[in-house]
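Residue strings, one per chain:
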Amino acid sequence: MKKIYRYTALLLSVLMMTMLFGCHKNTPPEISEPSPAVEESPEESSEEESSEEPSKEESSKEESSKEESSKEESSEPEQTESSYYVPDVMNNPREIYANLQDYYASNHDTVGWVAVPNTAINYVVLKSQKDITNAAYSEDPYYLTRDFYGNYYFNGSIFMDFRSDISSKNMLLHGHSMADGSMFAGVLNFDNLDFYRYAPTVSFDTLKEKAKWKIIAVIKVNTNEYHGTPYYYLRSSFGNDYDFLNYVYEIRERSVIDCPVTVNENDTLVTLSTCAYDFDGFRQVIIARKVRPGEDTAVKVGKAKYNPDPLYPDVWYSYYGGTKPVTTSFQDALNKKKITWYDGTKKWSEKDDESLKKLIQTYQNYAENRIRASYDEKRYTKDQIARIDEIIDIYMPYIKSEPVIARINDLVNQCIAVIDLFEPAR
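Now for a look at the structure at hand. (Residues numbered from 1 in each chain as written. Predicted model: local features only at pLDDT ≥ 70, side-chain atom pairs only at ≥ 80, totals over all residues. Heavy atoms only, no water.)

## Considerations on the packing of aromatic side chains
Per the stated rule, a full pass over the model turns up 22 aromatic pairs. Measuring from centroid to centroid gives 6.1 Å for F279 and Y320, while their planes differ by 75°, and the two rings are edge-to-face. Here F279, found in the loop between strand 8 (269-276) and strand 9 (282-290), pairs with Y320, found in helix 7 (residues 314-320); they are 41 residues apart in sequence, far enough to count as distant. For F279, a relative accessible area of 13% gives the class buried. In this structure an aromatic cluster arises from ring pairing among F279, F282, Y312, W316, Y317, Y319 and Y320. A cation over a ring is seen here: K169 above F244, with NZ or CZ 4.5 Å from the ring centre. In this arrangement the basic side chain of R254 is found over the ring face of Y231, its NZ or CZ atom lying 3.7 Å from the centre. (Phe/Tyr/Trp six-rings, centres within 6.5 Å; stacked < 30°, edge-to-face > 60°. Helix = DSSP H or I, 4+ residues; strand = E, 2+ residues; numbered from the N terminus. Buried < 20%, exposed > 50% of the residue type's maximum accessible area, 1.4 Å probe, protein only. Lys NZ or Arg CZ within 6 Å of the ring centre and 35° of its normal.)

Right, dumping it as structure tokens:
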């Protein structure tokens, strides 16, 4: 019970913070760290070329496929490679799905593989089930500083956000931006139009399927409140199609690049997020939508251009000057013909804005019922029930005031995860 009391004391301060992961400084400490056991990288033969711009990725593939090995010494015991099965995928680049099954056999936290042309991004993606409770208590995600085998590693691994799974409408991936260009450092290049034109798509294969994804937005966001209210971009779930399209509208308004890629309510997204250094606590993020069945993977990058007026965090205008653009809602912008990227067939109106507000209220009103339905009260002592009630009472004011459905879901799931820490007495 002491553990639960400690946890409850932390909740008030934790819930007031935006749930965004911290980053390293982009240089390693002056101590010797164990290197991750090297995994062979599946080299995709990709045809991301635009019909208007030639791709340079063929020339970079041989370099990116070279095996990186490190033999740093550490005071911690180093895991020997012979203790685990590491599949050789180099000789079968088109068999990633099958080989991900092999990675999964070695580590059940494996969820996929992400690769981005003309960058060092070519990594297995992991997800720890511990992260939802880690997030609730402001503890680091498990793989933030661990390698594939769970050994401490300063660079960490590429990992999926606790809010996501491989069936999410928007799958959220995190990685450090390291000074040597490794991990998700390549994401920082995408605010450059020329770079985007050479790499307008990414590959993200899950245990379920292989897929290409066309980048639809490149955004910069803050995580510190003193830079302005942080934009909540880490959304995996949506209340309905209109909620999803409003999110797409919001990220495209923030995008520094106008990407010539259409989106509609049937699409699925993947998000790559890393630390940026424009200001303290900044993130740079690329969001991409899945290539549709039968759709060409090429992007008409000649039509891409810089967004003349992207929506930045407040600190940007305080430092650089300028006026913050005014945004409305998806349906309003669409009906005023300010949106060219929507290729769906539905008609949208002000009624959809009102319906979304009512849906948010429904999520708020039923949140406590969802939490209480997650456990059997009869299995706990009176003291335990009293503690569980205290935890729910801490979460509910934040849930009731939260205007984003995805965030309501996140808080409900975190509360349930905290309650799950109790061991039933009977």
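There's plenty left to go through after this.
## Notes on helix 9 (residues 350-372)
Between its first and last C-alpha atoms helix 9 spans 35 Å; for 23 residues at 1.5 Å apiece the expected length is 33 Å, and the two agree. A bend of about 40° at Y366 is the largest found in helix 9. Among all positions in helix 9, only D352, D353, L356, I360, Q364, A367 and I371 are buried. Contact partners of the buried residues in helix 9: helix 6 (241-254), helix 8 (330-335), helix 10 (382-400) and helix 11 (405-419). (Expected span 1.5 Å × (residues − 1). Bend = angle between axes of the 7 residues up to and from the residue. Contact = heavy atoms within 4.5 Å.)

## Considerations on the pairing of strand 6 (residues 212-221)
Most of strand 6 sits out of view: 10 of its 10 residues are buried. Sheet topology note: the strand 5 (residues 201-206)/strand 6 ladder contains three bridges and is antiparallel. Bridge pairing links V202 to W213 in strand 6. Between the antiparallel neighbours strand 5 and strand 6 lie five residues. (Pairing = 2+ DSSP bridges.)

## Regarding the nonpolar core
Y196 and F330 are the most contacted members of the largest nonpolar core, which has 96 residues in total. In terms of residues, this core owes the most to one element, helix 11, which gives eight residues. Ignoring anything within four residues of it in the chain, the contact list for F330 reads Y242, L245, N246, Y249, I339, W341, Y342 and W348. Ranked by size, the runner-up nonpolar core spans 12 residues in total, among them V124, L144, F159 and L207. (Core = buried A, V, L, I, M, F, W, Y, C linked by side-chain atoms within 4.5 Å.)

## Brief notes about unusual backbone geometry
One non-glycine residue, N118, lies in positive phi territory at about 65°. We note that K337 has phi near 60°; this positive angle belongs to a residue other than glycine. With respect to the element layout, K337 can be found in the loop between helix 8 and helix 9. Judged by relative accessible area, which is 72%, K337 ranks as exposed.

## Examining the pattern of salt bridges
Under the defined criterion, the tally for this structure stands at 20 salt bridges. When the shortest N-O distance is used, the salt bridge between R163 and D410 registers 3.2 Å. Residue R163 is located in the loop between strand 3 (158-160) and strand 4 (170-174), and its partner D410 is located in helix 11; the two are separated by 247 residues in the primary sequence. Of the two residues examined, R163 and D410, each falls in the buried class. Between E295 and R289 there is a salt bridge, with its nearest N and O atoms 2.9 Å apart. A residue is classified by how much of its surface remains accessible, and E295, at 24% relative accessible area, is partly exposed. Taking the relative accessible area as the measure of exposure, R289 reaches 0% and is therefore buried. When salt bridges that share partners are traced, they join K214, D267, R289, R292, E295 and D343 into one network. (Salt bridge = Lys/Arg side-chain N within 4 Å of Asp/Glu carboxyl O.)

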